[in-house]
Amino acid sequence: MTTMVRLEGVSKSFTLHLRGGVVIDAVHDLSLTAKAGECVALGGPSGAGKSSALKMIYGNYRIDGGSVRIRHDGSEVEMAGADPRVIMAIRARTLGYVSQFLRVIPRVPAIDIVAEAAADRGGDREAARDEAARLLTLLNIPERLWALPPATFSGGEQQRVNVARGFAARRPVLLLDEPTASLDAANKQVVVDLITEKKQAGVAIIGIFHDAEIRSAVADDVVEIAAVSQKEAA
Amino acid sequence: MTMQTTGYNFAYLDEQTKRMIRRAILKAIAIPGYQVPFASREMPMPYGWGTGGVQVTAAILGHSDVLKVIDQGSDDTTNAVSIRKFFGKVAGVATTTKTAEATIIQTRHRIPEAPLREDQTLVYQVPIPEPLRFLEPRETETRTMHALAEYGLMHVKLYEDIARHGHIATTYAYPVEVAGRYVTDPSPTPKFDNPKMDMCAALQLFGAGREKRIYAIPPYTPVRSLDFEDHPFAVQQFAEPCALCAARGVYLDEVILDDRGKRMFVCSDTDHCEERRAAGHHGAMLDTAPQAIAGTR
Amino acid sequence: MTDEPLLRARGLTKHYGERIGCADVSFDLYEGEVLAIVGESGSGKSTLLGLLANELPATAGEVLYRMRDGIVRDIASLSEPERRLLARTDWGYVRQDSREGLRMRVSAGANVGERLMALGERRYAGIRETALTWLDRVEIARNRIDDRPTDFSGGMRQRLQIARNLVTNPRLVFMDEPTSGLDVSVQARLLDLVRGLVADLGLAIVIVTHDLAVARLLSHRIVVMRRGRVVETGLTDQVLDDPRDAYSQLLVSSVLAA
C-alpha cells in the first residue's frame, strides 16, 4: 500500500509572548506513517500534543522541526514551510479534516454544507446532494432540519453535521479529531461504519479517538505520544 | 469712434478685456464644444441676466453690426429689451427684431425658427455650462472626464429619466456631442432646437458669466443629441399649429387666456410669427386673440 | 489556478513626510484568492490598500498587475486613461462609507448600470436587464431598482456597491472595512454573499479589516500589519490559530472566538 502521510522527527513549540516569552513544547520528535486504507490512531495522555500533531499535518499549525510529507497528486509534498498556496491545493484535493466543532457558515442550510463538501472536486450536483442526504440520514439528522442553517441546532446535531461534511468530501487522506465526542452510542457506531467505509475505499486516516472501544474497532496502528515537559524560556 | 463714446469705451468693455475675451473665443472655436475659462468681468446687470452673453457680444461687436436680442423667443421681454438698449447706448449699433436683418443675435432659451446664415453669429447666455455637473460636483473630476472623453455619466442622467418617466424627460439643456468629441450643454434651450445646432451655417458662441466659461460651435459642425438605441432622441411634437400664423413644426408657447381654462398656442419666436402673418398666413384665433398677444394686426 | 500571480506587491513603501505610512510590503496575489490585511487603526492597512489600488503614489516599491491581455504592467506606469479604465473594468472598490462608493442621487439601477454606460453600452433595455440580474445576485428586491440608495439600509447599500462593482466582471476587488458599522446579522449576510461570489466568479479580493472574524470567514491568507510594517503573514487559519509574532498574539487574544 502507498504511504500517504509520513512524519519524521516532527516537533512543535509555542512561544507565548503575552506571558513573558514562555515556551511550551507541544510535540517532540514524532514520527509515523499512514498508508492508504489504513487508520492510525494517536494515543497518549491528554495534553500530550495529539491535536497539535493533527493540526501540523493539516497545515493549521506551523512545523518547527522535522518533516511532514503528504502524497499529493502523485508525489510527496513537504508541508513544513510550504507556501500557503501549496497547502491550499493539498487541502482542496488531498487532505480532509474533521474537527470537534462545526464552524458554521451563516445562512447556509445543513444539506448544502454537506453537499458542497461532496461536490467540491467537481462532478454531479445531484449526486452530491444524494450523498449528503445519505450521510445526514445515517447520522440521524431529522429531514426537517436539512433546509435550516445549523447555527440553531443543538451541540450534538451540529457535530453530526460536521461529521457528515467531513466524510462527504472524497479525499485520499482524512484527519479526525475526536469525531465521536458528544455523540450517543448509536451515532458512534455510525461513525465507526463510516470510517470502515473510508478505509475500504483506500483512504488513509489519522485520528484521535478518546473512546477506547472505538479506537480498537477502527485503528490498525496506535502511535503513542508521550507528554513533553514544559520548559521556561531562557 | 471717440465721438460717440462719452464715458464709455465702445461696447462698454475696455479694449484689453475685449482682446482677452476674443482670445478665449478663438480658442473655443478651435476646440469645438470645449469650455474655455476666461476672466469674466462685472457687468452692469446681475448674474443670471446674461452677463456671459453680453461680454461675448461686446467682444465681437463692430460698428456695422446689427444686433437682435431674444429672450424665450421674444424680442419684447424685459431682459431682451434692456440688453438691446444697453448696446444701443454703449456701442451705438443698429438694433433689430428681425432675424433676417441681424448679424449678431444674442439669445436666451431659443434658437430662431428661420435658418441662420454664414454671416450671422448666435450668442447664447449660459447659466451652467458644465453638462456633467448634475452628477459630478467636483470640477477637477469633470475636467478629467472631458479630457478623457469619459461621458458615461451623461447616459446615467438619461437612464434616470427613462427609469422615472418612461422616456427621456429632459426637455431643456439636453446634452449634445459636438464634432464627435466634447459633450456640451446647449444652454437652457428646449431640445426642440437641438437639431438646429447641427451643421448650422452660423457661428454659435456660448458665454457663462458667473461660471467664467466660453465655448463655441463653429459653422457647419456636426452636433448630435445623446440618446439610447432603444430610446432615440426625439423633439417635442405639437398637435395644433400656431393660433396666430398657422405655422407647424415650430416651437409653441402656451398662453392662458382666462381663469376658466381657455388657452391658445402661439409661436415662441415672435419675429417668425409676425413675418408669417405679414406674408398672409392666418391662424385660427388671429382675429379673436387679445391685442396684447396678437400685437398689431 | 494559474501559476502567474494576478498582482505582485514589491517593497511597497509610503512615507508621509517623516511619518511612515507603510514600509517594504511584498506579497503575491492569485486569482480566486482572498487576502485579508488586518491591524489596528493607524497600522497602515488603509495606506497599503490605497497603494495597491493606485489611489496613492508609492514612495518606493511597485505593484505589478497582470492585465486582461496577459501583459504584466507596473501600475504606476499606466497613463491616466489606462488607470481609470482599469479601475472601472477589471477592478472594483467597495468602500467603507457607501456614500463614497455609490452615487446617492441616482437610482440603484443607474448605480449598477454606470460602468456599462461608461464602456459604451447604449441599449437601455440591456442595461436594465443586467442591473436586475445583479440586484438578484446581491439579494436586493427587483422592485427597488428605481429607488435611490438614500432609501436603502446600510447592508443594502453595501450589497449595491458590490453589484455596481461586479457588473463588469472584474478580476480584482478591493474592500475597505465593508462590514463596519453593520449589525452582526447584516454582516453575516454580506460576508456570506461575498463568499459565494468569490467561489462562483473566481474573484481575487484584497480586504482591509480590523475584524479578525471577518478575515477568518472570508480570507485564505492574511497579512498582519503594525506601525506600517508586516509583522506576520500566512494562511489565515495558521496565523489566527498559531500566531508567532508577539503583536499577532495580542491581536488574536484580544478577540472573542475569532
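Residues numbered from 1 in each chain as written. Chains lettered and ligands numbered in written order. Predicted model: local features only at pLDDT ≥ 70, side-chain atom pairs only at ≥ 80, totals over all residues. Heavy atoms only, no water.

1. Here's the deal with the overall build of chain C
Thinking step 1. Helix and strand counts for chain C come out as ten helices and ten strands.
Thinking step 2. For chain C, whose C-alpha radius of gyration is 18 Å, the value lies close to the compact-globule estimate of 18 Å for 258 residues.
Thinking step 3. A total of 258 residues make up chain C; the buried ones form 58% of that total.
Thinking step 4. For chain C, contacts bridging at least 24 residues in sequence account for 67% of all contacts bridging at least 6.
Thinking step 5. In the form shown here, chain C has an accessible surface area of approximately 10400 Å², with 48% of it arising from carbon and sulfur atoms. (Helix = DSSP H or I, 4+ residues; strand = E, 2+ residues; numbered from the N terminus. Rg over C-alpha atoms; globule rule 2.2 N^0.38 Å. Buried < 20%, exposed > 50% of the residue type's maximum accessible area, 1.4 Å probe, protein only. Contact = heavy atoms within 4.5 Å. Areas by Shrake-Rupley, 256 points an atom, 1.4 Å probe, with all protein chains shown as cover.)

2. Remarks on the interface of chain A and chain C
Think of interface size as the accessible area that goes away when the parts come together; that is how it is often given.
Thinking step 1. Across the contact, 23 residues belong to chain A and 31 residues belong to chain C.
Thinking step 2. A per-residue breakdown of the area chain A buries against chain C is headed by Arg-62, Arg-85 and Arg-107 of chain A, which together make up 35% of the total.
Thinking step 3. Linking chain A with chain C are four salt bridges, by the criterion used here.
Thinking step 4. A salt bridge links Arg-244 of chain C to Asp-64 of chain A; its shortest N-O distance comes to 2.8 Å.
Thinking step 5. Counting every contact that joins chain A to chain C gives eleven residue pairs in polar contact (both at pLDDT 80 or more).
Thinking step 6. Of the residues forming the side of chain A that touches chain C, the biggest block, five residues, is contributed by helix H2 (residues 84-93) of chain A.
Thinking step 7. Grouping the constituent residues of the side of chain A that touches chain C by class yields eleven nonpolar, four polar and eight charged. (Buried area = accessible area lost by both parts, 1.4 Å probe. Salt bridge = Lys/Arg side-chain N within 4 Å of Asp/Glu carboxyl O. Polar contact = N/O pair within 3.5 Å; in protein donor to acceptor, adjacent residues only side chain to side chain. Nonpolar A, V, L, I, M, F, W, Y, C, P; charged D, E, K, R; others polar.)

3. Digging into H2 of chain A
Thinking step 1. For H2 of chain A, the tally of buried residues reaches seven of ten residues, placing the bulk of the element in the interior.
Thinking step 2. By the N-cap criterion, in which a side-chain oxygen at the helix start approaches the backbone nitrogen of a residue two or three places on, H2 of chain A is capped by Asp-83 of chain A, the distance to Arg-85 of chain A being 2.9 Å.

4. Structural notes on the UniProt feature "domain: ABC transporter" (unreviewed entry) in chain C
Thinking step 1. When the UniProt feature table is mapped onto this chain, "domain: ABC transporter" (unreviewed entry) is found at residues 7-252 of chain C.
Thinking step 2. Across residues 7-252 of chain C, helical content stands at 40% and strand content at 26%; the span's end C-alpha atoms are separated by 28 Å. (UniProt positions renumbered as here; feature names shortened; annotations may be inferred.)

5. Things to note about the packing of aromatic side chains
Thinking step 1. Overall, the coordinates contain 16 aromatic pairs over all chains when judged by the stated rule.
Thinking step 2. Aromatic pair Tyr-124 of chain B and Phe-206 of chain B: ring centres 4.0 Å apart, planes at 10 degrees, arrangement stacked. In this pair, Tyr-124 of chain B is assigned in strand S5 (residues 121-125) and Phe-206 of chain B in strand S8 (residues 203-208), connecting sequence segments 82 residues apart. Per residue, the accessibility class of Tyr-124 of chain B equals that of Phe-206 of chain B, and both read buried.
Thinking step 3. By way of ring pairs, the aromatic residues Tyr-65, Trp-91, Tyr-93 and Phe-174 of chain C are connected into one cluster.
Thinking step 4. Here Arg-85 of chain A stacks its cationic end above the ring of Tyr-30 of chain C, 3.3 Å away from the centre of that ring. (Phe/Tyr/Trp six-rings, centres within 6.5 Å; stacked < 30°, edge-to-face > 60°. Lys NZ or Arg CZ within 6 Å of the ring centre and 35° of its normal.)

6. Let's talk about the environment of Thr-121 of chain B
All names here are of chain B.
Thinking step 1. With respect to the helices, strands and loops of the structure, Thr-121 is situated in strand S5.
Thinking step 2. You can call Thr-121 buried: its relative accessible area is 14%.
Thinking step 3. Distance from Thr-121 to Glu-136, taken between C-alpha atoms, is 32 Å for residues 15 residues apart in sequence.
Thinking step 4. Apart from residues no more than four positions distant in its own chain, Thr-121 is found in contact with Ile-60, Thr-103, Ile-104, Ile-105, Leu-203 and Leu-205.

7. Concerning the confidence of the model for chain C
Thinking step 1. Residues with a pLDDT of 70 or more make up 98% of chain C, whose mean pLDDT is 93.
Thinking step 2. This complex was scored by the predictor with a pTM of 0.89 and an ipTM of 0.89. (pLDDT = per-residue confidence, 0-100.)

8. Side note on the nonpolar core
Thinking step 1. Tyr-159 of chain B together with Ile-162 and Ile-205 of chain C are the most contacted members of the largest nonpolar core, which totals 68 residues.
Thinking step 2. Per-element accounting of this core gives the leading share, seven residues, to helix H5 (residues 152-165) of chain B.
Thinking step 3. By size, the runner-up hydrophobic cluster in this structure holds 41 residues, among which are Ile-141, Val-161, Val-190 and Ile-195 of chain A. (Core = buried A, V, L, I, M, F, W, Y, C linked by side-chain atoms within 4.5 Å.)

9. Some words on the layout of surface pockets
Rolling a probe over the atoms, with the probe sized like a water molecule, indicates the empty space that remains.
Thinking step 1. Volume-wise, the second largest pocket comes out at about 1400 Å³.
Thinking step 2. Arg-138 and Glu-141 of chain B together with Arg-103, Glu-114 and Arg-164 of chain C are, among the 45 residues lining the second largest pocket, the residues nearest its centre.
Thinking step 3. Where the lining of the second largest pocket is concerned, the elements lending two or more residues are helix H4 (139-147) and H5 of chain B together with helix H2 (80-89), strand S6 (91-94), helix H3 (98-101), helix H4 (108-118) and helix H6 (154-166) of chain C.
Thinking step 4. Looking at the lining of the second largest pocket residue by residue, the classes come out as 19 nonpolar, six polar and 20 charged. (1 Å grid on protein atoms, 1.4 Å probe; cavity = no way out; pocket = protein on both sides within 12 Å on 5 of 7 lines; lining within 4 Å. Points joined across faces, edges and corners; volume = space filled by probe spheres on them.)

10. Side note on the sheet that holds S6 of chain C
Hydrogen bonds along the backbone pair up the strands of a sheet, which may run parallel or antiparallel.
Residue and element names in this part refer to chain C.
Thinking step 1. With mixed pairing, six strands are arranged side by side in an open sheet as S6-S7-S8-S3-S9-S10. The two strands at the open ends of the sheet, each matched to only one other strand, are S6 and strand S10 (229-235). Each adjacent strand pair in this sheet contributes to an overall mean axis angle of 15 degrees, direction not counted.
Thinking step 2. Note: strand S7 (residues 172-176) against strand S8 (residues 204-209), five bridges, orientation parallel. Across the sheet, residue Asp-176 finds its bridge partner in S8, namely Val-208.
Thinking step 3. Here H6 sits on the sheet in contact with S6 and S7, set at roughly 165 degrees to S6.
Thinking step 4. Strands in contact with helix H10 (residues 246-253) are strand S3 (34-38), strand S9 (221-226) and S10; relative to S9, the strand with the most contacts, it is inclined by about 105 degrees. (Pairing = 2+ DSSP bridges. Axes fitted to C-alpha atoms, helices over the stretch in contact; angles between N-to-C directions.)

11. Observations regarding empty space enclosed by the protein
All names here are of chain C.
Thinking step 1. This model, assessed by the stated rule, comprises one cavity of 30 Å³ or more.
Thinking step 2. The space that makes up the largest cavity amounts to roughly 30 Å³.
Thinking step 3. Counting residues per element, the ones that place at least two in the lining of the largest cavity are H6, S7 and helix H7 (184-201).

12. As for the interface of chain B and chain C
Thinking step 1. Counting residues at the interface gives 22 residues for chain B and 23 residues for chain C.
Thinking step 2. Carbon and sulfur atoms supply 57% of the area buried between chain B and chain C, which totals about 2000 Å² over both sides.
Thinking step 3. Contact with chain C buries area across many residues of chain B, yet Glu-150, Val-156 and Tyr-159 of chain B alone supply 27% of it, more than any other trio.
Thinking step 4. At the surface where chain B touches chain C, the tally comes to four salt bridges.
Thinking step 5. Residue Glu-136 of chain B is joined to Arg-103 of chain C by a salt bridge in which the shortest nitrogen-to-oxygen separation is 3.6 Å.
Thinking step 6. On the surface where chain B and chain C come into contact, there are twelve residue pairs in polar contact (both at pLDDT 80 or more).
Thinking step 7. Examining the composition of the side of chain B that touches chain C, we find that nine residues originate from one element, H5 of chain B, more than from any other.
Thinking step 8. In the side of chain B that touches chain C, the residues fall into ten nonpolar, four polar and eight charged.

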